[in-house]
Amino acid sequence: MHAEVISIGDELTSGQRLDTNSQWLSERLGELGVRVLYHTTVADDLEANVRVFRQAVERADIIVASGGLGPTADDLTRDALAAVSEQPLEMRSEIVDHVRSLFALLGRDMPERNTVQAMFPRGSRVIPNPHGTAPGIDLEVPRAAGRPARIFALPGVPAELFEMWRQTVESSIAQWIGIRRVIRHRRLKCFGAGESHVEQMLPDLIRRGRDPSVGITVSGAVITLRVTAAGDTPEACFAAMEPTVATIRECLGELVYGEEEEELEDAVLRLLNDQNLSLATIEWGTGGQVADWLNNVTSTVPRFAGGLVVTHSAALENLLSVPGDLIKSAGSCSGKVVEEMAARGRERFGTDLALATSDVPQLTKIDADGPRVFFALASSQGVIVRSTRYAAHPSILRVRTARQALNMVRLALLRGLTVES
Ligand code: AMP
Ligand code: MG
């Protein structure tokens, strides 16, 4: 059983947008045990689409396509599928009603051209799209020999595609290939140690053939452990994963900050909420990255009071009255200055806590210990100052430094804000 993933759109073939749907769909197909043999990307061109689908039907048993299902003239997937299956397009009135009701929710009349989204090749099935106007198309195309090929055409919008996969396509494919079991995952997110270090801390969990299986990936210094189990029901999968997740949490302790889509800022805001504390930021080297992340977390009580971004010592002197002499003598990238920034920032903002990040070190300077960047967290108990090595590829330095600063806040909150910890 082999699959082909087809991505459709001028924005992809012209290079304006990266095709991330193929990557995501291929990972999901792999989890079902289906090997993806081909990725094809094609422009919004009817003839090219027909050729691509014909070729896919010949060489793959399962075809998952994305894009080209919208209401505009460049959306040609349904026409291509009608041509490939040699079936006429028919109107499905229940889909017109669904699209009309989505427009009604927005208080708008449905434009006439949207009725095209209710046109389906005869004999095909509708893949519901709960949050968008374009339903998907599920179609079997007979072949000269053997079973027909099965095509699943989904809209290109990633969020809609993810949802439709999870709600409908995944189980349709599982049934089609005869898997009676369902597959579920949990992702644990870690920060504060390297990948190999984390692997060493886990007792033989990341072993091929283990059930539930545990995989490890790293991105921007965040390590994700993905636990996967197969079972008769989703509940059975989650129950089977529970002991593995518990073992991981036990072995890694404070390194685990959250699960699934959670980021460090979510963990920090959760702790601030639990402890009824407010936070402000004074950022030099991280240029407002920490404030931006904290700002993006929705929280019922505003725990993040605001942030100050500086790029020069004059701003610290003028706005926070950090003594210019101190900055000159200790240097902009120093524990002493960052300590002052945090303490004075806390006073000015009137918050329970203030986090400061120092200027970044000059990488040309010869320094036996290696360049370091400094962080400080001021609270009613004093100021905690930390530093970490400033080493990573320049393209991720700022993001990594901002994560380290947030992680410092997280650990301090977990440990009761004691200055010695
Ligand atoms: P479409 O369904 O063709 O109207 O696509 C809607 C939008 O989804 C496009 O404007 C893109 O922003 C996005 N999109 C389409 N195909 C992909 C893809 N393969 N990977 C990531 N995003 C995509
Ligand atoms: Mg398109």
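Parameters and conventions
Residues numbered from 1 in each chain as written. Chains lettered and ligands numbered in written order. Predicted model: local features only at pLDDT ≥ 70, side-chain atom pairs only at ≥ 80, totals over all residues. Heavy atoms only, no water. Buried < 20%, exposed > 50% of the residue type's maximum accessible area, 1.4 Å probe, protein only. Helix = DSSP H or I, 4+ residues; strand = E, 2+ residues; numbered from the N terminus. Pairing = 2+ DSSP bridges. Polar contact = N/O pair within 3.5 Å; in protein donor to acceptor, adjacent residues only side chain to side chain. Contact = heavy atoms within 4.5 Å. Near = heavy atom within 4 Å. Areas by Shrake-Rupley, 256 points an atom, 1.4 Å probe, with all protein chains shown as cover. Nonpolar A, V, L, I, M, F, W, Y, C, P; charged D, E, K, R; others polar. Phe/Tyr/Trp six-rings, centres within 6.5 Å; stacked < 30°, edge-to-face > 60°. Expected span 1.5 Å × (residues − 1). Axes fitted to C-alpha atoms, helices over the stretch in contact; angles between N-to-C directions. Parallel < 35°, antiparallel > 145°, perpendicular 65-115°, else oblique. Left-handed = near helix turned anticlockwise from the far one by under 90°. Domains from an automatic or database assignment. Salt bridge = Lys/Arg side-chain N within 4 Å of Asp/Glu carboxyl O.

Quick word on the pairing of strand E1 (residues 2-8)
Then, number 1: Counting buried positions along E1 gives six out of seven residues, so the element sits mostly inside the fold.
Then, number 2: Pairing geometry for E1 and strand E2 (residues 35-42), over seven bridges, is parallel. Opposite Ser-7, over in E2, you have Thr-41 as the bridge partner.
Then, number 3: Both E1 and strand E3 (residues 62-66) contribute to a ladder of five bridges, which runs parallel. Residue pairing across strands places Ala-3 opposite Ile-62, the latter belonging to E3.

Some points on the side chain of Thr-77
Then, number 1: Mapped onto the elements of the fold, Thr-77 is located in helix H4 (residues 77-85).
Then, number 2: Taking relative accessible area as the criterion, Thr-77 reaches 1% and is therefore assigned buried.
Then, number 3: In terms of polar contacts, Thr-77 uses its side chain to reach the backbone carbonyl oxygen of Gly-67, at 2.8 Å.
Then, number 4: Once you skip the residues sitting within four places of it in the chain, Thr-77 turns out to touch Ile-8, Phe-53, Gly-67, Gly-68, Leu-69 and Ala-153.

Describing the site of ligand 1
Then, number 1: Taken together, 16 residues form the shell around ligand 1, and within it Arg-17, Asp-19, Thr-20, Gly-68 and Gly-156 come nearest.
Then, number 2: Within the backbone of Gly-68, an N or O atom sits 2.8 Å from an oxygen atom of ligand 1.
Then, number 3: Calculation on ligand 1 without its partners gives an accessible area of 490 Å², and the protein chains cover 78% of this total.
Then, number 4: Here the shell around ligand 1 is built from residues that sort into five nonpolar, seven polar and four charged.

Considering the environment of Asp-74
Then, number 1: With respect to the helices, strands and loops of the structure, Asp-74 is situated in the loop between E3 and H4.
Then, number 2: Taking the C-alpha atoms as reference points, Asp-74 and Leu-46, 28 residues apart in sequence, are found 8.9 Å from one another.
Then, number 3: Reaching out from Asp-74, the side chain makes a polar contact with the side chain of Thr-72 at a distance of 2.6 Å.

Notes on the packing of aromatic side chains
Then, number 1: As enumerated under the stated definition, the model contains two aromatic pairs in all.
Then, number 2: Ring centres of Trp-24 and Phe-162 lie 4.3 Å apart, and the angle between their planes is 25 degrees; this geometry places the pair in the stacked category. Note that Trp-24 is positioned in helix H2 (residues 21-31) and Phe-162 in helix H6 (residues 158-176), a separation of 138 residues in sequence.
Then, number 3: Residue Phe-162 is classed as partly exposed on the basis of its relative accessible area, which comes to 26%.

Observations regarding helix H9 (residues 264-275)
Then, number 1: Between its first and last C-alpha atoms H9 spans 17 Å; for 12 residues at 1.5 Å apiece the expected length is 16 Å, and the two agree.
Then, number 2: Looking only at H9, the buried set comprises Leu-264, Glu-265, Ala-267, Val-268, Leu-269, Leu-271 and Leu-272.

Section: H4
Then, number 1: Among the nine residues in H4, seven count as buried, and that is most of the element.
Then, number 2: Within H4 the residues assigned to the buried category are Thr-77, Arg-78, Ala-80, Leu-81, Ala-82, Val-84 and Ser-85.
Then, number 3: Those residues of H4 that are buried are in contact with E1, helix H3 (46-59), strand E4 (89-91), strand E5 (119-121), strand E7 (136-141) and strand E8 (149-154).

Overview of the packing of H2 against H6
Then, number 1: Here H2 crosses H6 at 25 degrees, and the two axes come no closer than 12 Å. Considering their axes alone, H2 and H6 lie roughly parallel with respect to each other. Crossing hand, H2 versus H6: right-handed. Facing H2, whose interface residues are Asn-21, Trp-24, Leu-25, Arg-28 and Leu-29, H6 presents Pro-158, Leu-161, Phe-162, Trp-165, Arg-166 and Ile-173.
Then, number 2: When its residues are assigned to classes, the contact of H2 with H6 shows eight nonpolar, one polar and two charged.

Describing the domain arrangement of the protein
Where the parts come together, the accessible area they lose is often given as the size of the interface.
Then, number 1: The domains assigned to the protein are domain 1 (2-177), domain 2 (182-259) and domain 3 (264-414).
Then, number 2: In this assembly, four residues from domain 1 lie in contact with four residues from domain 2.
Then, number 3: Inspection of the region where domain 1 meets domain 2 yields one salt bridge.
Then, number 4: Its salt-bridge partner being Arg-184, residue Glu-170 comes within 4.0 Å of it at the nearest N-O pair.
Then, number 5: Put simply, domain 1 and domain 2 have zero residue pairs in polar contact (both at pLDDT 80 or more) between them.
Then, number 6: Here the residues of the side of domain 1 that touches domain 2 are counted per class, giving one nonpolar, no polar and three charged.

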